[in-house]
Amino acid sequence: MPELPEVETVRRVLEKELINLTIVDIKIKYEKIIVNDYNYFKENVIGKKIIDLKRRGKFLIFKLDIGSIISHLRMEGKYFYLKKDSFDNKHIHLIYYLSNGYMLCYQDVRKFGRIEYKIDADLYNTYPLCEVGYDPILDKEIEIKNIYDKILRKAIPIKTCLLDQKIIAGLGNIYVDEVLFKSKINPLRISNTITLIELENIINNTKYILSDAIKHKGTTIKSYTSSLGQKGEYQDFLCVHTKSICPLCANKLTKIKINGRSTYYCDNCQR
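Remember, predicted model here, so these are calculated numbers, not experimental data.

So, how was this worked out
Residues numbered from 1 in each chain as written. Predicted model: local features only at pLDDT ≥ 70, side-chain atom pairs only at ≥ 80, totals over all residues. Heavy atoms only, no water. Buried < 20%, exposed > 50% of the residue type's maximum accessible area, 1.4 Å probe, protein only. Helix = DSSP H or I, 4+ residues; strand = E, 2+ residues; numbered from the N terminus. Arc of directions from axis to C-beta. Contact = heavy atoms within 4.5 Å. Polar contact = N/O pair within 3.5 Å; in protein donor to acceptor, adjacent residues only side chain to side chain. Axes fitted to C-alpha atoms, helices over the stretch in contact; angles between N-to-C directions. Parallel < 35°, antiparallel > 145°, perpendicular 65-115°, else oblique. Left-handed = near helix turned anticlockwise from the far one by under 90°. Nonpolar A, V, L, I, M, F, W, Y, C, P; charged D, E, K, R; others polar. Core = buried A, V, L, I, M, F, W, Y, C linked by side-chain atoms within 4.5 Å. Phe/Tyr/Trp six-rings, centres within 6.5 Å; stacked < 30°, edge-to-face > 60°. Salt bridge = Lys/Arg side-chain N within 4 Å of Asp/Glu carboxyl O. Pairing = 2+ DSSP bridges.

Those residues of helix 2 (residues 38-45) not exposed but buried are Phe41, Asn44 and Val45. Angular distribution of buried residues about the axis of helix 2 spans 90°; they occupy a single face of the element. Elements that come into contact with the buried residues of helix 2 comprise strand 1 (23-28), strand 3 (59-64), strand 4 (68-72), strand 6 (92-98) and strand 8 (114-118). In this structure Asp37 caps helix 2, since a side-chain oxygen of it lies 3.0 Å from the backbone nitrogen of Asn39. Downstream of helix 2 by a residue or two, Gly47 has a phi angle that is positive, lying close to 90°.

Here is the structure:
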């Protein structure tokens, strides 16, 4: 699944191409991709100009001159910016035809991604963005006590807690493993045993790792490739995820499943 660095990479790539282009037509090939009513979506998007491209957590936000399109890539969503009618396959579910003769295609092999139109007043005040938690890259101010209270109310593995997008937005399976390793915390540790100092360390390491991953255009593992052929390089810098030996102590890493997610950690370095 694309996590914050991958979504930010896609945003930066598309931003260079799409700003000030008008959506002149839309082809929706799989209606369930659209959260709104099919006709409502088309009526509110066709004829609108793309004036900005933003991100919140794992959500892409296409800002229009009136309203916005919210896009969540989920497991395998991808965008392709191409010459009109130069590309199509059975996994392309939505095509925006643009005023410069190009098209923006949304491809999703597993059809889990979701796209919806929001009026400006509802963008951040209604689901889903109203429930998105602290964004480690966008949010300069952090209410550490608020995050700590949310963690203390739970009695679940800390990895599961950090995957909750209502607490910290943008972390997924890969980066949680890396953050917990750098923070020296076992992913099975129960969340309400985490101290405030440990949480501050987790937050600081989250900022560092996500920023570094963005610099390297994200992590390309399995299905992620950004638009226009860019590939992530951060897989070359991972310490534990998909690895077998701890880079600190040379201990054999442990691989387990936590809530069905493959999890890598060092039971010697992480407590």
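So that's the structure; there's more coming.
One can describe the packing of helix 1 (residues 4-18) onto helix 6 (residues 196-215) by two numbers: an axis separation of 9 Å at closest approach and a directional angle of 40°. Accordingly, the angle class assigned to the pair helix 1 and helix 6 is oblique. Like other packed secondary-structure pairs, helix 1 and helix 6 cross with a definite hand, here right-handed. Between helix 1 and helix 6, the residues in contact are Leu4, Pro5, Glu8, Thr9 and Arg12 and Leu210, Ala213 and Ile214, respectively. Its residues assigned to classes, the contact of helix 1 with helix 6 shows five nonpolar, one polar and two charged.

This next bit is on the nonpolar core. Ranked by size, the top nonpolar core spans 29 residues in total, and within it Ile158, Leu162, Leu171 and Tyr175 carry the most contacts. Per-element tally for this core: the top contributor is helix 6, with seven residues. The contact partners of Leu171, leaving out residues within four places of it in the chain, are Glu3, Lys58, Leu162, Leu163, Gln165, Val176, Val179, Thr206 and Leu210.

The next subject is the environment of Gly133. Note on placement: Gly133 falls in the loop between strand 8 and helix 3 (144-152). Gly133 sits in the buried class, given a relative accessible area of 9%. Apart from residues lying up to four places away in sequence, Gly133 is in contact with Arg56, Asp139, Gln165, Lys166, Ile167 and Ala169.

This part is about the packing of aromatic side chains. All told, the structure shown has six aromatic pairs when counted by the stated rule. Aromatic pair Tyr79 and Tyr106: ring centres 5.2 Å apart, planes at 55°, arrangement tilted. You can see Tyr79 sitting in strand 5 (residues 77-83) and its partner Tyr106 sitting in strand 7 (residues 102-108), a full 27 residues away along the chain. The residues Tyr79 and Tyr106 share a single accessibility class, namely buried. Ring plane angle 10° and centroid distance 4.7 Å describe the contact between Tyr81 and Tyr102, whose orientation is recorded as stacked. Remark: Tyr102 occurs in strand 7 and Tyr81 occurs in strand 5; sequence separation between them is 21 residues. Under the relative-accessibility criterion, Tyr81 is labelled buried at 8%. Tyr102 sits in the partly exposed class, given a relative accessible area of 24%.

What follows concerns the environment of Thr160. With respect to the helices and strands, Thr160 occurs in helix 4 (residues 158-162). The class of Thr160 is partly exposed, set by a relative accessible area of 21%. In sequence terms Thr160 and Gly172 are twelve residues apart; their C-alpha atoms lie 9.8 Å from each other.

A few words on the pattern of salt bridges. In this structure the tally under the stated criterion is 15 salt bridges. Arg11 is the salt-bridge partner of Glu8, the closest N and O atoms lying 3.0 Å from each other. On the criterion of helical spacing, the pair formed by Glu8 and Arg11 is a turn pair, its members being three residues apart in helix 1. Arg11 shares its class with Glu8; the two are buried. Taking the shortest distance from any N to any O, the salt bridge between Asp120 and Lys63 comes out at 3.9 Å. With Asp120 in the loop between strand 8 and helix 3 and Lys63 in strand 3, the pair connects residues that are 57 residues apart, well separated along the chain. Where salt bridges share partners, they join Glu8, Arg11, Arg12, Glu15, Arg55 and Asp135 into one cluster.

With respect to topology, four strands assemble into an open sheet ordered 2-3-4-8, the strand pairing being antiparallel. Sheet topology places strand 2 (50-56) and strand 8 at the edges, where each strand pairs with a single neighbour. Across the sheet, the mean angle separating the axes of adjacent strands is 20° when strand polarity is ignored. By the bridge criterion, six bridges tie strand 2 to strand 3 in an arrangement that is antiparallel. Along strand 3, the bridge assignment pairs Arg56 with Phe59.

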